[in-house]
Amino acid sequence: ETEKMCCDHLFSKTKVFKWFSKHRWVAAFVPLLALFVGAATLIGCVQIERAYSDPPYVAWWHADISYFGIGKPQYYLFGAGLTLLSCLVTVIVFIRAGQIEKLTQPGSRLNTVAFYFGVLQCPAIIVMAWTDGYWRQVVHFPAALGGLGLLALYCISHTVIVIRNYHRSEKRGCRAAWTLASIVFFSLLSFAPPIGVGLWLSLRESVWEWVAVLSLFAYFSPFFVEFCLLGKEQVNTTIVTYENLSESAY
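The rules behind the values
Residues numbered from 1 in each chain as written. Predicted model: local features only at pLDDT ≥ 70, side-chain atom pairs only at ≥ 80, totals over all residues. Heavy atoms only, no water. Helix = DSSP H or I, 4+ residues; strand = E, 2+ residues; numbered from the N terminus. Buried < 20%, exposed > 50% of the residue type's maximum accessible area, 1.4 Å probe, protein only. Areas by Shrake-Rupley, 256 points an atom, 1.4 Å probe, with all protein chains shown as cover. Axes fitted to C-alpha atoms, helices over the stretch in contact; angles between N-to-C directions. Parallel < 35°, antiparallel > 145°, perpendicular 65-115°, else oblique. Left-handed = near helix turned anticlockwise from the far one by under 90°. Contact = heavy atoms within 4.5 Å. Nonpolar A, V, L, I, M, F, W, Y, C, P; charged D, E, K, R; others polar. pLDDT = per-residue confidence, 0-100. Polar contact = N/O pair within 3.5 Å; in protein donor to acceptor, adjacent residues only side chain to side chain. Core = buried A, V, L, I, M, F, W, Y, C linked by side-chain atoms within 4.5 Å. Expected span 1.5 Å × (residues − 1).

## Thoughts on the overall build of the chain
Along the chain, the regular secondary structure elements total 9 helices and 0 strands. Seen in sequence order, the chain has helices and strands lined up from the N terminus as α-α-α-α-α-α-α-α-α. The buried share of the chain, reckoned over its 250 residues, is 50%. Entry remark: accessible area of the chain is about 12,400 Å², with carbon and sulfur atoms responsible for 69%.

If you want it as structure tokens, here you go:
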């Protein structure tokens, strides 16, 4: 029984999650910090790229993100920014996994799988960010596709969890007011990154690369609201109705 309890609470019983639950405003600050770091990194890289581009381009979406870290003046900004961003995303994924486990789905296998998708993106993104020169074809682009792919899989898995919780809470007659809107929001954005990457690879137009990256930014933005409510188990939020839905774990 003790072993089952440990397996059912892989994240929510850890000291780290309990600390974030106690200091929920710190947890809520993490998604905002990630958005700031990501935006500052991309804006800085675009401005440097624009200054050194020959011929110069007019629109920011003409900049090819995948080449920011390859033999460019903004190489160190790109590497440092993405390293910090990927670490912040890992923290967000951990907090979210503990929140889902504690309030909705103890022992959910899908929650655990989603967590590993979200964590494994970190080394892939870091390798991509700092790989340059000869290794760019061998390591850089596969790592970039792997990192984006893992993030996309996390988004899709998390969206499935949200949809499943919506149907369960609907059966119990206690769903959150904005849950349906959040399902549409997450569903659209969870499939935008793989579609964007696919169109970028096939059409070689950098605008689709921007679609993939910006949709990932947008996907994690509502987590700020969720983390503001850490520890308030009786509150219905825009994303998941908080109740004990532990009768079946996938």
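## Considerations on the packing of helix α3 (residues 24–52) against helix α8 (residues 206–220)
The geometry of α3 relative to α8 is characterised by a closest axis approach of 9 Å and an angle of 160° between their N-to-C directions. What the angle tells us is that α3 and α8 run roughly antiparallel. In the crossing of α3 with α8, the sense of the turn from one axis to the other is left-handed. Along the contact surface, α3 presents P31, A34, L35, G38, A39, L42 and V46, while α8 presents W210, V213, F217 and F220. Class assignment for the residues of the contact of α3 with α8 results in 10 nonpolar, 1 polar and no charged.

## Thoughts on the confidence of the model for the chain
Predicted coordinates in regions of low pLDDT should not be interpreted in detail. Taken residue by residue, the chain gives an average pLDDT of 78. The fraction at 70 or more is 77%. Looking across the chain, the model is least confident in helix α1 (residues 2–8), with a mean pLDDT of 43, and most confident in helix α5 (residues 109–130), with 91. In this model, residues 1–7 is a region of pLDDT below 50 whose contacts with residues beyond four sequence positions or in other chains number 1 contact. Scored below 50 in pLDDT, residues 233–250 shows 72 contacts in the model against residues more than four places distant or in partner chains.

## Side note on the side chain of H140
Relative to the elements of secondary structure, H140 occurs in helix α6 (residues 140–171). A distance of 3.3 Å separates a polar atom in the side chain of H140 from the backbone oxygen of T131.

## Notes on the nonpolar core
Grouped together as the largest cluster of nonpolar side chains are 49 residues, with contacts concentrated most on F68, F78, F220 and F223. Among the elements of the structure, α2 (15–22), α3, α4 (75–103), α5, α6, α7 (179–203), α8 and α9 (223–228) are those that each provide at least two residues to this core. Take this core: its biggest share by element is 10 residues, from α4. Look past the residues within four positions of F220 in its chain and what remains in contact with it is P31, V89, I92, V93, L151, Y154 and C155.

## Some words on α5
Between its first and last C-alpha, α5 extends 33 Å over 22 residues, near the 32 Å set by a 1.5 Å rise per residue. Turning to α5, its buried residues number three or more, namely L110, N111, T112, A114, F115, G118, Q121, C122, A124, I125, M128 and A129.

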